[in-house]
Amino acid sequence: MDIRQDVLILILLAGLVTWIPRVLPFIVLHRLKVPQVVAEFLSFVPVCLLGALSIQSLFVHEAGQFSLSSEHILAAVPTILTAIFSRSLVSTVIVGVLSMALVRYFS
Amino acid sequence: MTDSFRSGVKACIPTIFGYVGIGISAGVIGRASGLSPAEVALMSILIYAGAAQFIITSLLLTGTPASAIILTTFVVNSRHLLMSMATAPHVERATLLHKIGIGSLLTDESFAVAMTRASGGDKIPANWFHGLNITAYLTWIASTVLGAVLGGQLANPDRFGLDFALSAMFIGLLYLQIESERAKRLLLNGALIVLVGGMFVLLSKFTSPEMAVLCATLLGSTAGVVISRWISVKTSSS
């Protein structure tokens with residue numbers, strides 16, 4: 001089991017800055033009630049966040065350039081169709097991975 | 001094992017393939033970038049965030065200073081603050097320790113699965129959440145370690161499209177979320193996604209993609225509140 005000391009410290013600190021935003025709201029909201037307007041705001045977070053993450057995943061970072069990837073868009077089409085018609089997450093992920101493998105095989 | 005823990009485990013199953021796909025590729029890439037399997041495991045145990053682990057690995061490879069790596073990790077993972085804030089009010093009464101446990105293992109995927117459940121209106125039992133989270137956590141650790149061990153053999157994991165598992169999972173989870181809110185606000189959600197997409201593209205010209213995701217989400221959710229209030233004022237006055 002080889003763990004370098006500098007990597008260990010880096011992982012510990014990166015873990016800490018990841019953990020704090022994860023648990024802080026649970027600690028603060030344990031006793032406090034969320035005001036109505038905040039609750040309304042938070043009800044929009046899932047769709048907006050997943051929308052932003054989905055759109056981000058159609059882009060690639062290459063040579064310092066952040067741009068739309070035709071590979072990803074091609075693979076996304078059957079993926080979106082599978083999500084709509086199957087309503088199954090498993091099928092969507094499997095079709096997504098297979099589509100990407102096919103796109104890369106033929107390009 | 002309580003019943004709700006078990007049904008939490010069940011609720012995790014549809015997302016498992018995504019964790020495995022992306023976990024294996026994170027492990028392979030970690031190994032290829034010079035991390036040992038033990039270091040990859042430690043990262044999955046203590047950081048437990050897919051996108052951040054990819055980024056840390058690539059920053060380590062380019063010799064980025066530790067302070068910059070930690071700051072980047074914080075920015076990439078700060079969206080968890082929003083997710084935890086949105087999740088916390090939907091969890092049934094439980095001790096603080098249970099809630100810290102839930103927050104510690106919250107991911108994009110477990111958040112989305114829980115929010116789809118919460119849109120039914122009922123509070124979420126802590127044990128259900130633990131079942132969901134712990135299944136995902138163990139799957140992630142096992143997949144990344146498997147990837148790191150296989151690392152030597154699998155030269156180019158991208159060839160198999162495994163890196164697209166995460167993207168496909170986001171697309172699937174987004175669709176399920178829209179579907180679960182269909183009766184409440186289908187058109188508004190559609191408009192918000194277009195807005196968020198546009199904001200993301202615009203913002204990514206000025207800042208990191210992760211920061212652009214965070215800001216676009218904040219703007220989109222604010223717009224959601226403003227538009228839905230405006231609609232309800234308009235319909236009640238006419």
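All figures in this text were calculated on a predicted structure; none of them were measured in a lab.

Asks: Is there a simple way to explain the overall build of chain A in this structure?
Replies: Regarding its fold elements, chain A presents five helices and two strands. Relative to its length of 107 residues, chain A is extended, with a C-alpha radius of gyration of 20 Å against a globular reference of 13 Å. Here the C-alpha coordinates of chain A stretch approximately 55 × 45 × 30 Å along the principal axes. Burial analysis of chain A (107 residues in total) assigns 38% to the buried set.

Asks: Help me out: how do you make sense of the overall build of chain B in this one?
Replies: Each helix and strand counted, chain B has eleven helices and zero strands in total. Counted from the first residue to the last, chain B has its helices and strands arranged as α-α-α-α-α-α-α-α-α-α-α. The C-alpha radius of gyration of chain B comes to 19 Å, within 12% of the 18 Å expected for a compact globule of 238 residues. With respect to the three principal axes, the spread of C-alpha positions in chain B is 70 × 50 × 35 Å. Of all 238 residues assigned to chain B, the portion counted as buried reaches 50%. For chain B, the proportion of contacts with a sequence separation of at least 24, taken over those separated by at least 6, is 80%.

Asks: Quick question: what am I supposed to make of the environment of B:G198 here?
Replies: Locating B:G198 in the fold gives a position in helix α10 (residues 182–203). In this structure B:G198 comes out as partly exposed when scored by C-beta crowding, with 14 C-beta atoms within 10 Å.

Asks: Which parts of the structure should I look at to understand the nonpolar core?
Replies: Nonpolar side chains in soluble globular proteins tend to be buried together. In this structure, A:A52 and B:A165 are the most contacted members of the largest nonpolar core, which totals 93 residues. Among the elements that make up this core, the one with the highest residue count is helix α9 (residues 164–180) of chain B (twelve residues). Shared between two domains, this core holds at least three residues of each, these being domain 1 (3–180) and domain 2 (184–238) of chain B. For B:A165, the residues in contact, after removing those within four places along its chain, are A:V93, A:G96, A:V97, B:G18, B:G21 and B:I22.

Asks: Is there a simple way to explain the packing of helix α1 (residues 3–32) of chain B against helix α8 (residues 126–150) of chain B in this structure?
Replies: When two helices pack together, their arrangement is given by the angle between their axes and by how far apart the axes lie. All names here are of chain B. In the contact formed by α1 and α8, the axes pass within 6 Å of each other and the chain directions differ by 25°. Compared by their axis directions, α1 and α8 come out roughly parallel. Crossing of α1 against α8: the hand is right-handed. The residue inventory of the contact of α1 with α8, partitioned by class, reads 19 nonpolar, 16 polar and two charged.

Asks: Explanation requested: the interface of chain A and chain B in the structure shown.
Replies: A common way to express how large an interface is: the accessible area buried when the components associate. Taken residue by residue, the interface counts 64 residues in chain A and 77 residues in chain B. Listed by contribution, the elements that provide at least two residues to the side of chain A that touches chain B are α1 (5–28), α2 (36–43), α3 (45–56), α4 (70–86) and α5 (89–106) of chain A. Looking at the side of chain A that touches chain B, the element that brings in the most residues is α1(A), giving 17 residues. For the side of chain A that touches chain B, the class distribution of residues is 47 nonpolar, twelve polar and five charged.

Asks: Quick question: what am I supposed to make of the domain arrangement of chain B here?
Replies: Residue and element names in this part refer to chain B. Assigned domains within chain B: domain 1 (3–180) and domain 2 (184–238). Placing the centre of domain 1 and that of domain 2 at their C-alpha centroids yields a distance of 25 Å. Between domain 1 and domain 2, the residue contacts involve six residues of the former and seven residues of the latter. When residues of the side of domain 1 that touches domain 2 are traced back to their parent elements, those giving at least two are α4 (66–77) and α5 (79–87). Of the residues that constitute the side of domain 1 that touches domain 2, the class distribution is four nonpolar, one polar and one charged.

Asks: I keep staring at helix α3 (residues 50–61) of chain B and nothing clicks. Help me out?
Replies: Think of an α-helix as turning once every 3.6 residues; residues three or four places apart then point the same way. Here α3(B) spans 17 Å end to end across twelve residues, near enough to the 16 Å set by a 1.5 Å rise per residue. Among the residues of α3(B), those classed as buried are B:G50, B:A51, B:A52, B:Q53, B:I55, B:I56 and B:T57. Buried residues along α3(B) sit in contact with α1 of chain A together with α1, α2 (37–46), α4 and α9 of chain B. A positive backbone phi angle near 70° is found at B:G63, which sits one or two residues after α3(B).

Asks: Explanation requested: the environment of B:F160 in the structure shown.
Replies: Along the polypeptide, B:F160 turns up in the loop between α8 and α9. Each C-alpha atom of the pair B:F160 and B:S33 lies 19 Å from the other, and the pair is 127 residues apart in sequence.

Asks: Before we go on, may I ask you to explain unusual backbone geometry in this structure?
Replies: Backbone phi values are negative for most residues with the exception of glycine, while trans is the configuration of most peptide bonds. In the Ramachandran plot, A:R87 falls in the positive-phi region, its phi being about 50° despite a non-glycine side chain. Within the fold, A:R87 resides in the loop between α4 and α5. On the neighbour-count criterion, A:R87 (13 C-beta atoms within 10 Å) is partly exposed. Unlike most non-glycine residues, B:Y48 shows phi in positive territory, near 50°.

Asks: What exactly am I supposed to notice about the packing of α3(B) against α4(B) here?
Replies: Residues and elements named next belong to chain B. One can describe the packing of α3 onto α4 by two numbers: an axis separation of 10 Å at closest approach and a directional angle of 160°. With respect to their mutual orientation, α3 and α4 come out roughly antiparallel. Note on packing geometry: the crossing formed by α3 with α4 is right-handed. Only I69, T72, T73, V76 and N77 of α4 make contact with α3, whose side of the interface consists of A51, A52, I55, I56 and L59.

Each value, and the rule that gives it
- Residues numbered from 1 in each chain as written.
- Chains lettered and ligands numbered in written order.
- Predicted model: local features only at pLDDT ≥ 70, side-chain atom pairs only at ≥ 80, totals over all residues.
- Helix = DSSP H or I, 4+ residues; strand = E, 2+ residues; numbered from the N terminus.
- Rg over C-alpha atoms; globule rule 2.2 N^0.38 Å.
- Buried ≥ 20, exposed ≤ 12 C-beta atoms within 10 Å, placed from the backbone.
- Contact = placed C-beta atoms within 7 Å.
- Core = buried A, V, L, I, M, F, W, Y, C linked by C-beta atoms within 7 Å.
- Domains from an automatic or database assignment.
- Axes fitted to C-alpha atoms, helices over the stretch in contact; angles between N-to-C directions.
- Parallel < 35°, antiparallel > 145°, perpendicular 65-115°, else oblique.
- Left-handed = near helix turned anticlockwise from the far one by under 90°.
- Nonpolar A, V, L, I, M, F, W, Y, C, P; charged D, E, K, R; others polar.
- Expected span 1.5 Å × (residues − 1).

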